[in-house]
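Commentary on secondary and tertiary structure
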Amino acid sequence: MDFVSAPEDALRRDRAVVFASLGLVAAAAWAYTLVLAWTMPGMADGTGGYSHGWTAGHAAATFVMWTAMMAAMMLPASAPMIVMVATINRSRRARGAPYAPTAVFAAGYLAVWSGFSALATLAQWALEKAGVLDAAIAGASPVFAGVVLLGAGLYQMTPLKARCLTQCRSPLGFLTMNWREGLTGAFGSGARHGAFCVGCCWALMMLLFAAGTMNVFAIAALTALVLAERLLPQGERLARAVGIALTLAGLGAIAYGFG
């Protein structure tokens, strides 16, 4: 693939178009998430489930809920990668070279997070059935919340987390190794980026089962943390520091639950 220098005004246009497009999608996802956060507590029957149980319709609604949340939380963090893809495509288009629309790359990215949302939906069903989630779809006991915190904290300090975070923090490095030509290639490259992103963040997303899947403050805090890990110069150290904090909080919650 070709990485070429681009005039600053062209780069600014690329950034503006990508940020505007991602902003609209993320804003719609956030709006849907906020509406759900406002309305879903009133749907609960007070027993940790919903008055109509886990019908196909409820499962589909839960999947849409998770998909919207993941789009709202993860699209802002993917912006630098998508900006670079858009810049490469603009350069190729200007030279008459073949290129795939940037939206195809983004679609591959979102497809992987949709797959994660399907797994999260199954996890929510299993946890509700086991009775470990309360009516607010949050951890019903300190021990459960502690286990989730402990698991997320330990994962933050694993080599797999570090490798995935490195890929997510370096758009140039990722595209150099993973660029593929054509529509299928662009979709696959986006999906691979999404896979690294899931590998980086899945354990953090599971914290929503402890704090509440519709806890707006938890969603906002996790979004800010994901952005900080990706964009701050010391993002890797931040990830490890958060891992230590979550591990200690998890051990404390478990001890409190058994105390």
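Residues numbered from 1 in each chain as written. Predicted model: local features only at pLDDT ≥ 70, side-chain atom pairs only at ≥ 80, totals over all residues. Heavy atoms only, no water.

1. Points about the overall build of the chain
Helices and strands together make up the secondary structure of the chain, namely ten helices and zero strands. For the chain, the succession of helices and strands along the chain, N to C, is α-α-α-α-α-α-α-α-α-α. Relative to its full complement of 259 residues, the chain shows a buried share of 47%. Total accessible area on the chain stands at roughly 12,100 Å², and carbon and sulfur atoms take up 71% of it. (Helix = DSSP H or I, 4+ residues; strand = E, 2+ residues; numbered from the N terminus. Buried < 20%, exposed > 50% of the residue type's maximum accessible area, 1.4 Å probe, protein only. Areas by Shrake-Rupley, 256 points an atom, 1.4 Å probe, with all protein chains shown as cover.)

2. A look at the confidence of the model for the chain
Taken over all residues, the pLDDT of the chain has a mean of 86, while the share at 70 or more is 88%. By mean pLDDT, the top-scoring element of the chain is helix α4 (residues 142-156) (97), and the lowest-scoring one is helix α1 (residues 8-39) (72). Here residues 42-51 is a poorly scored stretch, pLDDT under 50, and it has 17 contacts once near neighbours within four places are set aside; other chains count. (pLDDT = per-residue confidence, 0-100. Contact = heavy atoms within 4.5 Å.)

3. What to know about the nonpolar core
Counting 62 residues, the largest nonpolar core has W113 and M205 as its most contacted members. Here this core takes 15 residues from helix α2 (residues 56-94), the largest share from any one element. In this structure, M205 is in contact with W66, M70, M73, W113, F116, L222 and V226, ignoring residues within four places of it in sequence. (Core = buried A, V, L, I, M, F, W, Y, C linked by side-chain atoms within 4.5 Å.)

4. What to know about helix α3 (residues 102-130)
In a regular helix each residue adds 1.5 Å, so 29 residues correspond to 42 Å; α3 covers 42 Å between its end C-alpha atoms and thus fits that length. Among the residues trailing α3, G131 stands out with phi positive, at a value near 80°. (Expected span 1.5 Å × (residues − 1).)

5. Some details on the packing of α2 against helix α7 (residues 182-206)
Following both chains from N to C, one finds α2 and α7 inclined at 125°, their axes separated by 12 Å at the closest point. One element, α2, and the other, α7, form an angle in the oblique class. Two packed elements cross with a definite hand, and for α2 against α7 that hand is right-handed. Two secondary-structure elements touch here, α2 through W66, M70, M73, M74, S78 and M81 and α7 through H193, C197, C201 and M205. Its residues assigned to classes, the contact of α2 with α7 comprises eight nonpolar, two polar and no charged. (Axes fitted to C-alpha atoms, helices over the stretch in contact; angles between N-to-C directions. Parallel < 35°, antiparallel > 145°, perpendicular 65-115°, else oblique. Left-handed = near helix turned anticlockwise from the far one by under 90°. Nonpolar A, V, L, I, M, F, W, Y, C, P; charged D, E, K, R; others polar.)

6. Structural notes on α2
With 39 residues, α2 should reach 57 Å at 1.5 Å per residue; the first-to-last C-alpha distance of 48 Å falls well below that figure. A79 marks the point of greatest bend in α2, at about 50°, and the proline P80 comes within the next four residues. After α2 finishes, the residue G96 shows a positive phi value of roughly 75°. (Bend = angle between axes of the 7 residues up to and from the residue.)

7. Overview of the pattern of salt bridges
A complete count under the given rule lists three salt bridges for this structure. Here R92 ties to E181 by a salt bridge, and the two come within 2.6 Å at their closest N and O atoms. Of this pair, R92 sits in helix α2 while E181 sits in the loop between α6 (171-178) and α7; the two residues are 89 residues apart in sequence, bridging distant segments of the chain. In this structure R92 comes out as buried when scored by relative accessible area, which is 7%. For E181, a relative accessible area of 46% translates into the label partly exposed. As a salt-bridge pair, E229 and K161 come within 2.9 Å of each other at their nearest N and O atoms. A residue pair is termed long-range when its members are at least 10 positions apart, and E229 in helix α9 (residues 216-231) and K161 in helix α5 (residues 159-169) qualify at 68 residues. The same class applies to E229 as to K161, namely buried. (Salt bridge = Lys/Arg side-chain N within 4 Å of Asp/Glu carboxyl O.)

8. Some thoughts on the side chain of T62
Positionally, T62 belongs in helix α2. A polar contact of 2.9 Å, which involves the side chain of T62, links it to the backbone oxygen of H58. In contact with T62, not counting residues within four places along its chain, are W54, T121 and Q124. (Polar contact = N/O pair within 3.5 Å; in protein donor to acceptor, adjacent residues only side chain to side chain.)

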